[in-house]
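# Coordinate analysis (summary)
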Amino acid sequence: LPAVSYTSIYNVVDYPAGIVPWTTLKPTDKWDKSLGRDKAVEARMMESYNLALGTGCPFPIGVQLATKPYQEEALVKAMRIVEECARRQL
C-alpha cells in the first residue's frame, strides 16, 4: 500500500506516533484534485481512494502525528488538540 510509506518510518526510527480519527470516506465523496501535489504518489492514492469508494462501505480517515523520542507528552497534547478540532468538524 502506498500509504504505508508515510506511516512505517516512525516505527523504523522508533519515534512516538499516534493516529487520531478525523472523518469517514463515504461513497458520495469525490477526489479533490487540488490536494494531489505529489505526482508520483497521486495516481496510486487516487486508485486506492476510488477502490475504497467502490466498496460502498465507510472508510475511516485519520491524522497521524509523530514527534522526537522522549516527547510523548507533547504528542498526546497535540493529539488532544487535533481530536478537539475533529469534533468541531462534525
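Here the structure is shown first, and the text comes after it.
Numbering of residues begins from 1 in every chain and follows the order in which that chain's sequence is written. Totals for whole chains, interfaces and linings use every residue, but because this is a predicted model, local features are given only for residues with pLDDT of at least 70 and side-chain atom pairs only at 80 or more, for both listing and counting. Values reported for side chains reflect all heavy atoms of the structure, with hydrogen atoms and water molecules removed beforehand.

### Describing the environment of G18
Numbering goes from the N terminus for both helices and strands, where a helix is a DSSP run of H or I of at least four residues and a strand is a run of E of at least two. By the element assignment, G18 lies in strand β1 (residues 17–25). Residues G18 and A78 lie 60 residues apart in sequence; the distance between their C-alpha atoms is 9.9 Å. Two residues form a contact once any of their heavy atoms are found within 4.5 Å. Not counting residues within four places of it along the chain, the set of residues in contact with G18 comprises V63, Q64, L65, L75 and M79.

### Comments concerning the pattern of salt bridges
Any two side chains of opposite charge can pair, on the condition that their charged atoms come close. A pair is scored as a salt bridge if a Lys or Arg side-chain nitrogen falls within 4 Å of a carboxyl oxygen belonging to Asp or Glu. Scanning all chains against the criterion turns up three salt bridges. Residues R88 and E84 are paired through a salt bridge, measuring 3.7 Å at the closest nitrogen-oxygen approach. In this pair, R88 and E84 are both assigned in helix α3 (residues 72–89), four residues apart and thus about one turn of the helix distant. For R88, a relative accessible area of 62% gives the class exposed. Look at the salt bridges and you will find they share partners, linking E83, E84, R87 and R88 into a network. Burial classes follow relative accessibility: with a 1.4 Å probe on protein chains only, a residue under 20% of its type's maximum area counts as buried, one over 50% as exposed, and anything between as partly exposed.

### Some points on the nonpolar core
Only buried residues count toward a nonpolar core. Its members are Ala, Val, Leu, Ile, Met, Phe, Trp, Tyr and Cys residues joined through side-chain atoms within 4.5 Å. Counting five residues, the largest nonpolar core is built from V20, L65, L75, M79 and V82. Here the element with the most residues in this core is α3; it accounts for three residues. Beyond its immediate sequence surroundings of up to four residues, M79 is in contact with G18, I19, V20 and L65.

Shape is all these values report; function is a separate question.
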